[in-house]
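# Overview (structure and organization)
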Amino acid sequence: MSFQSPQLAPQVVLSGHGLVKYYGDVVGLAGVDVGVRSGEALAVMGPSGNGKTTLLHVLAGILTPDQGEVWLGGERVDQLNDAARTVLRRRRLGFVFQDNQLLAELPADENVALPLMVDGISRRDAIGRARTMLAQVGLANEAGRRPGELSGGQAQRVAIARALVGEPQVVFADEPTGALDATTGSQVIDLLIGAATHRGAAVVVVTHDNSVAARCHRVMTIVDGRVHESLGATR
């Protein structure tokens, strides 16, 4: 399944300009420019250790660039202090990781509701919203099950529900299918991109998997901390 490029998505919701990041004497990013529009999915590919995850972390405000600017909507992220960036990530960004990072002791609905409750929403309202989101990812009957009772694909669906429940502007996914078999991985990435972009969110996916990249609207390749090429995905 491929997603066609959005026809009515003129707004760049997330952008980075001249991004440079050093790790001691090692260059993580060497002047990267990137922009992602609302409703668009961007795949970031490239060899291991060449800057893909560093770019994701800089764009998400987890790392501060040594040079350059990061903008989310009309707000400059790299100039915010740590506390403000934490709030921004909680309220305006969503995250899906390879290992899902669900809390083993909590059932699916509480895992999904947790970021809402941390942000001050009542438990009752947060659980209600979480169960609605779980139903939308096909897990209405699994809300009370803990991560250890779910398959790998189901656990990633819970992680997707958690990422989307706060209605983020951007969802970041770091190798979201890396621990799944090919069939389950295809189902998960289709769900992630479809559900997020349907809500108008942008999606940034770091992946080594060409089949995952082919499901995105654009593919950016990072080599030695630089943009090697940026292309529309091969259909």
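Here, every reference points to the structure presented above.
Quick caveat, the model's predicted, so the values are computed rather than measured. (Residues numbered from 1 in each chain as written. Predicted model: local features only at pLDDT ≥ 70, side-chain atom pairs only at ≥ 80, totals over all residues. Heavy atoms only, no water.)

Burial runs high along helix H1 (residues 52–59): 6 of the 8 residues are buried. Lys-52, Thr-54, Leu-55, Leu-56, Val-58 and Leu-59 are the residues of H1 that are buried. (Buried < 20%, exposed > 50% of the residue type's maximum accessible area, 1.4 Å probe, protein only. Helix = DSSP H or I, 4+ residues; strand = E, 2+ residues; numbered from the N terminus.)

Okay, the pattern of salt bridges next. If you walk through the whole model with that rule in mind, you get 12 salt bridges. One salt bridge connects Asp-109 with Arg-131, and the closest N-O pair in it is separated by 3.0 Å. Here Asp-109 is found in helix H3 (residues 108–118), whereas its partner Arg-131 is found in helix H4 (residues 123–136), with 22 residues between them in sequence. Residue Asp-109 is classed as buried on the basis of its relative accessible area of 5%. Exposure remark for Arg-131: the relative accessible area of 47% places this residue in the partly exposed category. (Salt bridge = Lys/Arg side-chain N within 4 Å of Asp/Glu carboxyl O.)

Turning next to the side chain of Asp-190. By the secondary structure assignment, Asp-190 is in helix H6 (residues 182–198). Here Asp-190 falls in the buried class, since its relative accessible area comes to 16%. Within the structure, the side chain of Asp-190 is placed 2.7 Å from the side chain of Arg-215, a separation counted as a polar contact. (Polar contact = N/O pair within 3.5 Å; in protein donor to acceptor, adjacent residues only side chain to side chain.)

Before going further, it helps to examine the pairing of strand E4 (residues 67–72). Inspection of the sheet shows strand E1 (residues 12–23) paired to E4 by 5 bridges, in the antiparallel sense. Residue Ser-15 lies in a different strand from E4, and its bridge partner there is Trp-71. Here E4 runs beside strand E5 (residues 75–76); their pairing, made up of 2 bridges, is antiparallel. Its bridge partner lying in E5, Leu-72 is registered against Glu-75. Count of turn residues in the E4/E5 antiparallel hairpin: 2 residues, of which Gly-73 carries a positive phi of about 60°. (Pairing = 2+ DSSP bridges.)

To continue, consider the sheet that holds E5. Read from one edge to the other, the open sheet built from 4 strands follows the order E2-E1-E4-E5, with strand pairing classed as antiparallel. The open sheet has two edge strands with one neighbour each: strand E2 (26–37) and E5. Relative to E2, E1 is paired through 9 bridges, and the arrangement is antiparallel. Looking at E2, one finds that Tyr-22 is bridged to Val-27. Sitting on the sheet, H1 is in contact with E1, E2 and E4, with an inclination near 120° to E1. (Contact = heavy atoms within 4.5 Å. Axes fitted to C-alpha atoms, helices over the stretch in contact; angles between N-to-C directions.)

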